[in-house]
Amino acid sequence: MTLLEAIDIRRSRRKYLPDPIDGNTIKALEALAIEYSQKSGARIELVFNDGSAFGSLRKTYGMLTGVRNYAGLIARRGDREAAERLGYYGELLMLHAVTMGLGACWVGGSFDRGSCPFALEEGEEIVCVISLGYAREKNSLRESLIYGATHRKTKTIEQMMSADAPVPDWFLPGMRAVQKAPSAVNRQPVTFSFKDGVVTAGLADVSTSALLDLGIAKLHFELGAGRGSWAWGNDAAFTYK
């Protein structure tokens, strides 16, 4: 399975089976976490077979069940650029996990940060986590209900872009991949622009969660376009090469 195919089948999974993740998959995820920590300049730490951060109904609000494996995304407090990079590389890790047969979900607040076994340095914070694990092929009834309650209607491509000229042939495949990118309550806050021959991606709101969404959307656009790379930052440019 390719990463682009993983985009097509990925969906937020909130109920996990008790089956432990197999050793080869753990090793592959650990290697990716190390690589993406180095590339992001932040930290992606993996936790396996420890569900203590998701054991409190008061913290999880019943939104997630059976979580025993997850990735913690950690950065210096106030490092906004790190939030965008963690969105990009966290989503890349998630898509690789999907190719390995795992379910996954971005989790911003419904977990107990104090129960996460991370050795935080002074000034560091847990930005969010990504739950990981095996899940049934079809969403459970509860997952379907939560999805319906927390997601808005997906925006059209026209609502997420602007252009001052006909776009190149790789632009629309990139935008179709962006349509499938996860974002907080499916708000899809990132706007893509094609102006004077340059593609940029930007936000009106630069909160931490929105910057995570920016990184995620940039990755999806890049994968949909087939090649190329982004500069970091709000309203930064994409180079197709």
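Here, the structure is the one placed above.
Residues numbered from 1 in each chain as written. Predicted model: local features only at pLDDT ≥ 70, side-chain atom pairs only at ≥ 80, totals over all residues. Heavy atoms only, no water.

Undergrad: Break down the overall build of the protein chain for me, with residues and values.
TA: A count of helical and extended segments in the protein chain gives seven helices and nine strands. Expected size for 241 residues packed as a compact globule is a radius of gyration near 18 Å; at 17 Å, the protein chain falls within 12% of this value. Based on the C-alpha atoms only, the size of the protein chain along its principal axes is roughly 50 × 40 × 35 Å. With 241 residues in all, the protein chain has 49% of them scored as buried. A fraction of 73% describes how many contacts in the protein chain between residues 6 or more apart in sequence connect residues 24 or more apart. Carbon and sulfur atoms provide 51% of the accessible area of the protein chain, an area that totals close to 11500 Å². (Helix = DSSP H or I, 4+ residues; strand = E, 2+ residues; numbered from the N terminus. Rg over C-alpha atoms; globule rule 2.2 N^0.38 Å. Buried < 20%, exposed > 50% of the residue type's maximum accessible area, 1.4 Å probe, protein only. Contact = heavy atoms within 4.5 Å. Areas by Shrake-Rupley, 256 points an atom, 1.4 Å probe, with all protein chains shown as cover.)

Undergrad: Describe the packing of helix α6 (residues 171–179) against helix α7 (residues 208–225), with residues and values.
TA: As a packed pair, α6 and α7 sit with axes 7 Å apart at the nearest point and diverge in direction by 135°. With respect to α7, the axis of α6 lies oblique. Pair α6 / α7 crosses with right-handed handedness. Note on element contacts: α7 touches α6 through A217, H220, F221, G224 and A225, opposite F171, P173, G174, M175, A177 and V178. Residue composition of the contact of α6 with α7, grouped by class: eight nonpolar, three polar and no charged. (Axes fitted to C-alpha atoms, helices over the stretch in contact; angles between N-to-C directions. Parallel < 35°, antiparallel > 145°, perpendicular 65-115°, else oblique. Left-handed = near helix turned anticlockwise from the far one by under 90°. Nonpolar A, V, L, I, M, F, W, Y, C, P; charged D, E, K, R; others polar.)

Undergrad: Kindly report on the sheet that holds strand β1 (residues 43–47), identifying the contributing residues and their values.
TA: If you trace the four strands from one edge of the open sheet to the other, you get β1-β2-β4-β3, paired in antiparallel fashion. Sheet topology places β1 and β3 (103–107) at the edges, where each strand pairs with a single neighbour. Pairs of neighbouring strands in the sheet enclose a mean axial angle of 25°, with direction left out of account. The sheet contact formed by strand β2 (residues 69–76) and strand β4 (residues 124–133) spans eight bridges and is antiparallel. If you follow Y70 over to β4, its bridge partner there is S131. Running over the sheet, helix α4 (residues 80–99) touches β1, β2, β3 and β4 and is turned about 165° from β3. (Pairing = 2+ DSSP bridges.)

Undergrad: Describe α7, listing the residues and the values that go with them.
TA: Taking 1.5 Å as the rise per residue, α7 with 18 residues should run 26 Å; its terminal C-alpha atoms sit 26 Å apart, in good agreement. With 15 of 18 residues buried, α7 lies mostly within the body of the structure. Just beyond α7, the residue with positive phi is G226, at close to 100°. (Expected span 1.5 Å × (residues − 1).)

Undergrad: Which residues make up the sheet that holds strand β5 (residues 161–163), and what are the values?
TA: One open sheet accounts for five strands, arranged β5-β6-β7-β9-β8; its pairing is mixed. A strand with exactly one partner marks an edge of an open sheet, and here the two such strands are β5 and β8 (229–230). α6 rests against β5, β6 (191–195) and β7 (198–202) of the sheet, and its axis sits at about 170° to β6.

Undergrad: Give a description of α6 that names residues and reports values.
TA: Every buried residue of α6 is accounted for by F171, G174, M175, A177 and V178. End-on, the buried residues of α6 take up no more than an arc of 155°, which puts them together on one face. Summarising the contacts, the buried residues of α6 are in contact with α1 (3–9), β5, β6, β7 and α7. (Arc of directions from axis to C-beta.)

Undergrad: Please give an account of the side chain of R10 that cites residues and values.
TA: Within the secondary structure, R10 sits in the loop between α1 and α2 (23–40). Beyond its immediate chain neighbours, meaning those up to four positions away, R10 contacts E91, M94, L95, V98, K180 and P182.

Keep in mind these numbers describe shape, not what the thing actually does.
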